[in-house]
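Close look at the chain arrangement
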Amino acid sequence: MSKLKIDPNLVLREEQLVLSEHQIRSIQDLLKYQHPITQKYLALGGSGGWLGPNTTPITKCPDGVGSFQHYANGSIYYHPSTGAHEVHGLIRARWQSLGWERSFLGYPITDETATPDGIGRYNHFQGGSIYWSPSTGAWEVHGAIRAKYSSLGWERSFLGYPLTNEMTCPDGIGRYNHFQGGSIYWSPSTGAWEVHGLIREQWKALGWERSVLGYPTSDELAVFGGTGRISHFQRGSIYWSSTAGTRVLRERVRIHVKILENPTSFTLNQQFAAMQEVFAVAGIRVDWVTTENLSLPTLTDVDVGGCFMGQTTAEQNSLFGNRNFMGGNDLVVYYVRSTVPGYNGCAAHPAGRPGCVVVRSASRWTLAHEFGHVLGLSHVSNNDRLMTGLGTFNITNPPPDLISSESTTMRNSTLSTQL
Ligand SMILES: [Zn+2]
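Here the structure is a predicted model, which means the values were calculated and not measured. (Residues numbered from 1 in each chain as written. Predicted model: local features only at pLDDT ≥ 70, side-chain atom pairs only at ≥ 80, totals over all residues.)

**Thoughts on the pairing of strand β12 (residues 191–195)**
In the case of a regular strand, side chains alternate between the two sheet surfaces. The buried fraction of β12 is high, at four of five residues. Counting the residues that bridge the hairpin from strand β11 (residues 182–187) to β12 gives three residues. (Buried ≥ 20, exposed ≤ 12 C-beta atoms within 10 Å, placed from the backbone. Helix = DSSP H or I, 4+ residues; strand = E, 2+ residues; numbered from the N terminus. Pairing = 2+ DSSP bridges.)

If you want it as structure tokens, here you go:
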């Protein structure tokens, strides 16, 4: 092959710099045979681009398949199954600290990319991602925790950017990442769930996964469509609302709803949200388990006699015989048009069939009040308390109060069971 000699004093006229289409195609053909790393390097500006001059030749990775080239300001890694991608800066430093392509992250599958929030940067890799922002630095997320982070909306979610790599929990079993706005915890038996805000603070104060609550088993959820929030854990739940504060729930009641007449004053969600708000003070979670419509025309205005605990009428006995789906300590509420005589509700029930009747026009607090009776509470003469005997429509300072002895009675009831 002869070498082309160029006179160093040669001056080209402008029209001589114009390449013919044939020459351009020839150059494009040549580029096709360049190493994918070189193609990527040239696409990013080559030695005149931000990567700067190379500091190594193109080098095979230890796996014998991929290859890399380092430059003054970053690296390009290539593998046949991922293509060639650049990594640089603190994301590259994090990847390096984990062991480059030999780590669980594997090869990059993107260049460093701006996050949709316009603040941070990330690279995705075969086995996870590294996220960087100016205030948080660069940290990896992967596996089920990354999948949860992704499902919530990455850095644009309330979680923001990661503050840690994935870490092993002190119990040696689970894994977690902390983020700016919360954490994601994973364990083999529970999966990956987020926990944040004041609920996270409470869980942290109890001792995280080593606390009596164990690992989270849900994200933070709205409670019955209301303003209360709840996270479930292996052995309990943490409830928060602006009025109840943060409450650890270690017991629960399981409630089945049977509807003869739909509620008219407050929706079932409103009544259950109100009930959970009060029962949280006693540390009791309210589980609304099933809902069934019943066509029982002769019982829609149900005779409750004097509504004394332990005394039931034939109509109450008949109504409380409807127990589809109900197990051992489960409770039931029957929504009716009215009671005879007329009350908001009545908690008298046949032995072994715990539950209550609530009328369709009942107050927001009737459901909670009647189940207070079912769990052993009696009336008081105080309209600031749930168990007021003066009518729950007259409650003066919602949410109504439970006093501590009432909470104890409710927890000690065999009808509230430990989580
Ligand atoms: Zn009552």
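On we go from here.
**Quick word on the sheet that holds strand β13 (residues 221–222)**
Backbone-to-backbone hydrogen bonds join strands into a sheet, with any given pair of strands oriented parallel or antiparallel. Read across the open sheet, the four strands follow the order β13-β14-β15-β16; overall the sheet is antiparallel. Two strands lie at the open edges of the sheet, namely β13 and β16 (245–249), each paired on one side alone. Across five bridges, strand β15 (residues 236–241) lies against β16 in antiparallel orientation. Residue tyrosine 239 lies in a different strand from β16, and its bridge partner there is arginine 247.

**Remarks on the nonpolar core**
Core analysis: the largest hydrophobic core is formed by 93 residues, its most contacted members being Met275, Val333, Ala368 and Phe371. Setting aside chain neighbours within four positions, we find alanine 368 in contact with Ala274, Met275, Val278, Phe279 and Leu386. (Core = buried A, V, L, I, M, F, W, Y, C linked by C-beta atoms within 7 Å. Contact = placed C-beta atoms within 7 Å.)

**Brief notes about the sheet that holds β11**
As summarised here, the arrangement of the four strands in space is β9-β10-β11-β12, forming an open sheet in which the pairing is antiparallel. The open sheet has two edge strands, β9 (167–168) and β12, and neither has a second partner. Bridge count between β9 and strand β10 (residues 175–179): two bridges; the pairing is antiparallel. Within the sheet, the bridge partner assigned to methionine 167 lies in β10 and is tyrosine 176. Along the sheet face, helix α4 (residues 143–152) touches β10, β11 and β12 and points at about 50 degrees away from the line of β12. (Axes fitted to C-alpha atoms, helices over the stretch in contact; angles between N-to-C directions.)

**Some points on the environment of isoleucine 109**
Position of isoleucine 109 among the secondary structure elements: in the loop between α3 (89–98) and β5 (113–114). Owing to 16 C-beta atoms within 10 Å, isoleucine 109 belongs among the partly exposed residues under this scheme. Counting along the chain gives 145 residues from isoleucine 109 to arginine 254, while the straight-line C-alpha distance between them is 49 Å. If near-sequence neighbours (up to four positions away) are discounted, isoleucine 109 is found in contact with Thr82, His85, His124, Phe125 and Gln126.

**Thoughts on the environment of glutamate 277**
With respect to the helices and strands, glutamate 277 occurs in helix α6 (residues 268–279). A count of 26 C-beta atoms within 10 Å places glutamate 277 in the buried class. As for glutamate 277 and serine 241, which are separated by 36 residues in sequence, their C-alpha atoms are 7.6 Å apart. Residues in contact with glutamate 277, not counting those within four places in the same chain, are Gly228, Ser241, Thr243, Ala244 and Pro399.

**Thoughts on α3**
Taken together, the buried positions of α3 are occupied by Ile91, Arg92, Arg94 and Trp95. Seen along its axis, α3 keeps its buried residues to an arc of 160 degrees; they face one direction. Every exposed residue of α3 that faces more than 90 degrees away from the buried side is listed here: Gln96 and Ser97. Tucked into the core, α3 has its buried residues touching β3 (74–79), β4 (83–87), β6 (121–125), β7 (128–133) and β8 (137–141). (Arc of directions from axis to C-beta.)

**Comments concerning the environment of tryptophan 288**
Along the polypeptide, tryptophan 288 turns up in strand β18 (residues 284–293). With 18 C-beta atoms counted inside 10 Å, the residue tryptophan 288 sits in the partly exposed group. In sequence terms tryptophan 288 and phenylalanine 224 are 64 residues apart; their C-alpha atoms lie 9.1 Å from each other. Residues in contact with tryptophan 288, not counting those within four places in the same chain, are Ile255, Val257 and Phe272.

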